[in-house]
Amino acid sequence: MTKYHIPVLQEKTIDFLQLRDNGIYVDVTLGGGGHTKAILETNRKVKVIALDQDEDAIEETIELKKRNTGRLTILHDNFKNLRTRLALERIKKIDGILFDLGVSSHQFDTAERGFSYNKDSFLDMRMDQDKALTAHKIVNTFNFDQLTSIFFDYGEERESKRIANAIVKARTKKEIKTTKDLADIIENAVYSKYKIKAKSRIFQAIRICVNSELEILKSALKDAIQVLKPKGRIVVISYHSLEDKIVKHLFKYEEKECTCPPGLLKCVCGKVSTIRILTKKPITPGGSEIRKNKRARSAKLRAAQKREDL
Ligand SMILES: C[S@@+](CC[C@H](N)C(=O)[O-])C[C@H]1O[C@@H](n2cnc3c(N)ncnc32)[C@H](O)[C@@H]1O
């Protein structure tokens, strides 16, 4: 049996979380439970609240939950609802939080989930199987301009127009049903040395759109910082530059004391610094981790600590 997911940068994550006795830690991207398990095993006096929007992740971690009764709460939800979910659990403040963004290996490797252009299946790409928007709907109903902006904004694809045009043309002849249908259209639309990159960028772009990945990230990170106790820690692992840019800019903004234009005698913005950044440069996996787990190769970890006077 293949493993559900190999946790990335696990040791560094645990180091940065600096687990405190009797602390409450939140893992908003439970996946196969690798990071959650490491947190629970590293400090036997902490509790973990873990969230995932994918029903498969909840099922996969049933045993972990049973082994940690009273210490692990698992919730099926999107992390955009973090604050509401914590309030329902009667938790006001937490000691640390982890975001391990993107898709799990399980989601990627399970053909029927439709995330991979290497496996032929229905064009799905939903992390939350209860949601209505699928990749199939985007590819078959969004207009040329919408497709172009998705490919450009979420895939940083130079040939966005050419590929959007090929999709719009192809679907007038026949519905684009499967990952293979879409992969073939992309392949035929771009030059040969560029085919694999184009497929992976377009699939990434559609996945980001289906799951509203970037729209919710900034506000979820803000909420997470808000609910941290003084000196509580936030750790974020991202896997592509668009996510990492959001994390980097938000951390920088939150660390800043004042955002008034230079030259003013007195601060009028009232902005206070909420965190101290712990990683001036992102932490990346070493060669041996990448050799063991090639999915780790694009990972970037950023961590910050909540100010102690907040
Ligand atoms: C990279 S995997 C996490 C792997 C996990 N750290 C482990 O050790 O197994 C990302 C997981 O986060 C979930 N996820 C992504 N975005 C989410 C969101 N907005 N809300 C809740 N879960 C999300 C995905 O369904 C996936 O299971």
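This structure is a prediction, so every number in the text was calculated from the model and none was measured.

Conventions we followed
- Residues numbered from 1 in each chain as written.
- Predicted model: local features only at pLDDT ≥ 70, side-chain atom pairs only at ≥ 80, totals over all residues.
- Heavy atoms only, no water.
- Domains from an automatic or database assignment.
- Contact = heavy atoms within 4.5 Å.
- Buried area = accessible area lost by both parts, 1.4 Å probe.
- Pairing = 2+ DSSP bridges.
- Helix = DSSP H or I, 4+ residues; strand = E, 2+ residues; numbered from the N terminus.
- Axes fitted to C-alpha atoms, helices over the stretch in contact; angles between N-to-C directions.
- Buried < 20%, exposed > 50% of the residue type's maximum accessible area, 1.4 Å probe, protein only.
- Arc of directions from axis to C-beta.
- Near = heavy atom within 4 Å.
- Polar contact = N/O pair within 3.5 Å; in protein donor to acceptor, adjacent residues only side chain to side chain.
- Areas by Shrake-Rupley, 256 points an atom, 1.4 Å probe, with all protein chains shown as cover.
- Nonpolar A, V, L, I, M, F, W, Y, C, P; charged D, E, K, R; others polar.
- 1 Å grid on protein atoms, 1.4 Å probe; cavity = no way out; pocket = protein on both sides within 12 Å on 5 of 7 lines; lining within 4 Å.
- Points joined across faces, edges and corners; volume = space filled by probe spheres on them.
- Parallel < 35°, antiparallel > 145°, perpendicular 65-115°, else oblique.
- Phe/Tyr/Trp six-rings, centres within 6.5 Å; stacked < 30°, edge-to-face > 60°.
- Expected span 1.5 Å × (residues − 1).

Colleague: Any chance you could explain the domain arrangement of the protein here in plain terms?
Modeller: Many authors give the size of an interface as the accessible area that is lost as the parts come together. Domain assignment breaks the protein into domain 1 (10-106 + 214-306) and domain 2 (132-210). The gap between the C-alpha centroids of domain 1 and domain 2 is 31 Å. Taken together, the contact pairs 8 residues of domain 1 with 6 residues of domain 2. Note on domain 1 versus domain 2: buried area summed over both sides is about 580 Å², and carbon and sulfur give 51% of it.

Colleague: For this particular structure, what's the right way to read the sheet that holds strand β4 (residues 94-100)?
Modeller: To summarise the sheet geometry, strands pair through backbone hydrogen bonds and adopt either a parallel or an antiparallel arrangement. Overall, mixed pairing links the 7 strands, which are arranged β3-β2-β1-β4-β5-β7-β6 in an open sheet. Where the open sheet ends on each side, the last strands, each with one partner, are β3 (72-76) and β6 (275-277). Across the sheet, the mean angle from the axis of one strand to that of its neighbour is 15 degrees, orientation sign disregarded. Each of β1 (24-27), β2 (47-52), β3, β4 and β5 (228-238) is contacted by helix α2 (residues 34-42), which is oriented at about 175 degrees to β2, the strand it contacts most.

Colleague: Where do I start with helix α1 (residues 10-17) in this structure?
Modeller: What sets the pattern is the α-helix's 3.6 residues per turn: residues three or four places apart point alike. All of the buried residues along α1 are Thr13, Ile14, Phe16 and Leu17. Angularly, the buried residues of α1 cover 165 degrees about the axis, an arc narrow enough to put them on a single face. When the buried face of α1 is taken as reference, the exposed residues oriented beyond 90 degrees from it are Glu11 and Asp15. Among the structural elements, β1, α2, β4, β5 and β7 (300-306) are those in contact with the buried residues of α1.

Colleague: I'm lost on the site of the ligand in this one. Help?
Modeller: By nearness alone, 24 residues border the ligand, and His35, Asp52, Phe79, Asp100 and Gln107 come closest of all. Contact between the ligand and glycine 32: an oxygen atom at 2.9 Å from a main-chain N or O atom of the residue. Within the side chain of glutamine 107, an N or O atom sits 2.9 Å from an oxygen atom of the ligand. Protein contact buries 98% of the 610 Å² of open area that the ligand shows by itself. For the shell around the ligand, the residue count by class is 8 nonpolar, 12 polar and 4 charged.

Colleague: How should I be thinking about the layout of surface pockets in this particular structure?
Modeller: Empty space among the atoms becomes visible once a probe the size of a water molecule is rolled across them. There is about 270 Å³ of room inside the second largest pocket. Considering the residues around the second largest pocket, the lining is formed by 16 residues, among which Lys3, Gly32, Gly33, Gly34 and Lys37 are closest to the centre. Elements supplying a minimum of two residues to the lining of the second largest pocket: α2 and α4 (62-67). For the lining of the second largest pocket, the element with the highest residue contribution is α2, accounting for 4 residues.

Colleague: Help me understand the packing of helix α8 (residues 144-155) against helix α11 (residues 195-210) in this model?
Modeller: Think of two packed helices as two axes; the pair is described by the angle between the axes and how far apart they sit. Two numbers describe how α8 lies on α11: the axes approach to 8 Å, and their chain directions differ by 100 degrees. The pairing of α8 with α11 is recorded here as roughly perpendicular in orientation. For the pair α8 and α11, the contacting residues are Ile150, Phe151, Tyr154 and Gly155 in the first and Arg201, Ile202, Gln204, Ala205, Ile206, Ile208 and Cys209 in the second. For the contact of α8 with α11, the residue count by class is 8 nonpolar, 2 polar and 1 charged.

Colleague: I tried to follow the packing of aromatic side chains on my own but got confused; where do I start?
Modeller: The description of two aromatic rings rests on the distance between their centres and on the angle between their planes. Within this structure, the stated rule accounts for 2 aromatic pairs. Taking the centre distance of 5.1 Å and the plane angle of 75 degrees together, the rings of phenylalanine 79 and phenylalanine 99 count as edge-to-face. In this pair, phenylalanine 79 sits in the loop between β3 and α5 (82-88) while phenylalanine 99 sits in strand β4, placing the two residues 20 residues apart along the sequence. The class for phenylalanine 79 is buried, based on a relative accessible area of 12%. Here the aromatic rings of tyrosine 117 and phenylalanine 203 are separated by 5.6 Å at their centres, their planes lie at 70 degrees, and the arrangement is edge-to-face. Placement of tyrosine 117 in the loop between α6 (105-109) and α7 (135-141) and of phenylalanine 203 in helix α11 is noted, with a sequence separation of 86 residues between them. The class for phenylalanine 203 is buried, based on a relative accessible area of 3%.

Colleague: Please clarify how α8 should be interpreted in this entry.
Modeller: Over its 12 residues, α8 extends 16 Å from the first C-alpha to the last, a length consistent with the 16 Å expected when each residue adds 1.5 Å. Along α8, the residues classified as buried are Leu147, Thr148, Ile150, Phe151, Tyr154 and Gly155. Looking at the buried positions of α8, the neighbouring elements they touch are α7, α9 (160-173), α11, α12 (213-227) and α13 (241-255). For α8, the side-chain oxygen to backbone nitrogen distance between the N-cap and aspartate 145 is 3.1 Å, and the N-cap itself is asparagine 143. Looking at the residues trailing α8, positive phi occurs at glutamate 156, about 50 degrees.

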